[in-house]
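An overview of the molecular structure
Spelled out from the first residue to the last, the chains are:
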Amino acid sequence: MEAKYDFEKKFREQILQCSRCGFCQAVCPVYGATLRPGLNARGKMLLLKEVMDGNLPLDDQLTESLFQCTTCASCFENCPSGVQVPEIIKQVRKDMVNVGSCHPAFEGMHKVLQKHTNIYAEDEPEDFERERNQQAEYVYFIGCVGSYREDEATLEALELLDRLRVDYTLIDEVCCSGVLEDVGYEIIPNLARKNMDLIFHTGAKTVITGCPYCFRTFNNKPQYDEMKEKGVKVVHVTQFLQDFDFSVRTDKRVTYHDPCDLGRHSGIYEEPRNTIRKIAPNFVEMPDNREGALCCGAGGGVRGAFAKNSIAMARRRLAQAEEVGAEIVLTECNSCVHNLANAKLRKQKFKIYNTTQFINQLMEEAE
Amino acid sequence: MDEKLEQTIVDLVGKDNFTRNIIDLVSYSCDASEHSHRPLCAVFAETAELIADIMKLANREKIPVTPRGAGTGLSGMAVPIRGGIILDLSRMNKILKISIEDRLAVVQPGVIYATLEKALAPKGFFFPPDPASGKVSTLGGNVATNAGGLKGAKYGTTRDYVLGLQVVLPDGRIMRTGSKAMKSVSGYDLTRLFVGSEGTLGVVTEITFKINPKPTKTSTALATFNNLEDTGNTINQIMHSGIIPSALEILGRETLSAINQNTDLNLPEVDAMLLVETDGYTQEETAYQIEKVIRIFEANHPQEVKQATTDAEVTELWAARKSAYAVLSRIKTSSVLEDVTVPMTHIAELLKGIQDISEKHDIQIATFGHAGDGNLHPQILYDGYDPVEVEKKEKAIKDLFELAIALDGTLTGEHGIGLSKAPFMTLEHDPVAMDVMRTLKKTFDPNNILNPGKMALEG
């Protein structure tokens, strides 16, 4: 049978490699929150096999499963058969968009980014009380969530950079639009162009991102290759901070949530821990950490499209923070902070911050 | 699906516990075997009483019901081959009681093996069978298949730990079997009848397990061989040397090579590797045992003998072993995993026989398994889209089962009959035994509504 869709052309062998052992079910955050095997990676691979075998059309009735994946890559990490589920899912979503079957939330996001400069269609960007587009050693790239939903966390991250006397500038940034690649569309070239022009204009040789997703997009997507060509390095703020010493510390019990984009997708596990241990000797790991970390439930467009399950996933993660008696949950991603904070129950007394925000608060208290 | 019937089921279980969504039906059409058939619908149930009502309805309407746990079974027993209702028990996932004093744990059937393991570990106890799928398989599924695992040779299988059950019968009556006492000979052993019955006699809704104190020390060693006869002799000698290893696993050439593709272990790609674990409560105790094993290794012309020294190495070796089935699926588009088991003295013949079958039918068969209890896992790798290969696979399976029976063995040591081995039941069981099994099925399930089409019970 001739391959009808791009996902078959690219991933047929991979999909057939799924042995249906179900090991992914043990780690899939969507399955964990719903207990529906049809939403787990194995369920998704079975649906795709049915499509390839001509037993099932690739249409709207599959969106609930194929678009409900945070692309956290736990399944891939634990798949003995080596099935690259997140890559397959991203490709299938593109095929589905091509045949006109897309989750409305993702279709909406795509439409928004064609008209607006950020995923929230906000017209008034927060100025964070700072000049923009200056000549500087570093560009601090905030990202949509940090700009429009977690602006307090961002302000504190910037204050920390000030305290550390970092020579940085903000730019009139627009959405990196990398998320579109995850939800069936493609990066919008104009947005990429604008970001790069603004970055180049500052003369900075390093971009520090507050968002692990923007970090991945800049480093891995060909639309941003020009940055590499021009010698502009992109680091996540957690990598940048690890070389600093902070004169502050807390006795509170602190834990760390690995964002999927920083951890499983980028292999950055130790940098944030090194920094946190400097300021929080009472550091404790959650039962699932590093490669095994549970997803906060926000990624892959799931927070927008399947809010209830997204929150349920975050609650499972927070239950682990509660289990280890954490007073402070630190992470390195505004999206994780946002989702975890939304999911926190009143009885859960811990606080959730980005590491930058927390260090800044400690430094402020010490002054 | 008939609308009136659908409404009746929805009224019974509630809208949120019912699905006819194609996404769900496709996932419920399969387990980890090669079989597949879609159900009409699926329901989630969280109480024995609700399951009883579902069974009454199904019995009245004569609709098949197939109970399902995690769907990790390897012989199709959770595949709803006659359609009907999938009864998903994964939401019955509570550990009801752990009593260290009484040495027992009471659980609902949807509890994952690893969840119980995690709950028992801090108390120094464990439920030993250790199925390779334990991270994901449910205890109800373990009971239904009488699951074995890596610890079988020393600790036995699920059956040896089930003290009692709560079961919903196909007619909707709820029954308790067994006792919470450590031993009981009170009446027929109904508990054992249900363990391994593959969901054909009743729906298990509560399990009382005996639990063991967990040995605190282990030692792991491995040896590689370039000769299956030496390997077989080694296994034999270990098992009658006076010690019983807590695990004695074999990994064949294809398996080693597939594991190497998936890990950085760089295992030697030889004819066979034996991986042994001994356990105890002091270092001396396990060291004494592992030294004995190593001496036997050395007397049987090994290529290499090695003792694992770091915890990381040990963890990685055992994780690699547990992933064997799934890593092998990388090689061809399809595979079937068998679990023939023979008395220990025949293990060398079985190993050799599997190799001969592979050559005879010109089909790739990878082997690994629980050598310590004579249970091998030949995994036949083939292209499921190629009719010639499919036919070769069928022939190889037939030869394999005939070989196992000829060696006084059994079709299945731990995966069950399900759909895959149903056609071979009469190879192992005489007509009287088949008749008794079928009569039992009719006694419990006269309308043949509970997991029909399995275990050759309709013959």
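Residues numbered from 1 in each chain as written. Chains lettered and ligands numbered in written order. Predicted model: local features only at pLDDT ≥ 70, side-chain atom pairs only at ≥ 80, totals over all residues.

This part is about the domain arrangement of chain B. The domains assigned to chain B are domain 1 (3-88), domain 2 (95-213), domain 3 (217-325) and domain 4 (332-406). Each of domain 1 of chain B and domain 3 of chain B has a C-alpha centre, and the two are 42 Å apart. (Domains from an automatic or database assignment.)

Moving on to the domain arrangement of chain A. When the parts of a complex come together, some accessible area is lost, and that lost area is often taken as the interface size. Residues and elements named next belong to chain A. On domain assignment, one finds that chain A holds domain 1 (6-101), domain 2 (138-241) and domain 3 (254-366). A straight line from the C-alpha centre of domain 1 to that of domain 3 covers 26 Å. For the side of domain 1 that touches domain 3, the secondary-structure elements that each account for two or more residues are helix H2 (29-34) and helix H5 (74-78). Examining the composition of the side of domain 1 that touches domain 3, we find that 5 residues originate from one element, H2, more than from any other. (Helix = DSSP H or I, 4+ residues; strand = E, 2+ residues; numbered from the N terminus.)

Between chain B and chain A, the residue contacts involve 25 residues of the former and 24 residues of the latter. Those elements that place two or more of their residues in the side of chain B that touches chain A are helix H2 (22-27) and helix H12 (324-328) of chain B. (Contact = placed C-beta atoms within 7 Å.)

All names here are of chain A. Burial of the side chains of strand E4 (residues 233-236) is restricted to one face: Val234 and His236 are buried, whereas none of Lys233 and Val235 on the reverse face is. Of the pairings in the sheet, the one linking strand E3 (residues 206-209) to E4 comprises 4 bridges and is parallel in character. Paired with Val207 across the bridge in E4 is Val234. (Buried ≥ 20, exposed ≤ 12 C-beta atoms within 10 Å, placed from the backbone. Pairing = 2+ DSSP bridges.)

Right, let's get into the packing of helix H13 (residues 347-360) of chain B against helix H14 (residues 387-406) of chain B. Residue and element names in this part refer to chain B. Running from N to C, H13 and H14 cross one another at 160°; their axes reach a closest spacing of 10 Å. In terms of orientation, H13 and H14 fall into the roughly antiparallel class. Handedness of the crossing formed by H13 with H14: right-handed. Between H13 and H14, the residues in contact are Leu350, Gly353, Ile354 and Ile357 and Ala396, Asp399, Leu400, Leu403 and Ala404, respectively. When grouped by side-chain class, the residues that make up the contact of H13 with H14 number 7 nonpolar, 1 polar and 1 charged. (Axes fitted to C-alpha atoms, helices over the stretch in contact; angles between N-to-C directions. Parallel < 35°, antiparallel > 145°, perpendicular 65-115°, else oblique. Left-handed = near helix turned anticlockwise from the far one by under 90°. Nonpolar A, V, L, I, M, F, W, Y, C, P; charged D, E, K, R; others polar.)

Here the focus is the nonpolar core. Ranked by internal contacts, the top residues of the largest apolar core, which has 244 residues, are Val43(B), Ile54(B), Leu87(B), Phe209(B) and Leu274(B). Residue contributions to this core peak at 7 residues, all from helix H3 (residues 41-52) of chain A. Phe209(B) has contacts with Leu104(B), Ala105(B), Val107(B), Phe127(B), Tyr161(B), Val162(B) and Leu163(B), leaving out every residue within four places of it along the chain. (Core = buried A, V, L, I, M, F, W, Y, C linked by C-beta atoms within 7 Å.)

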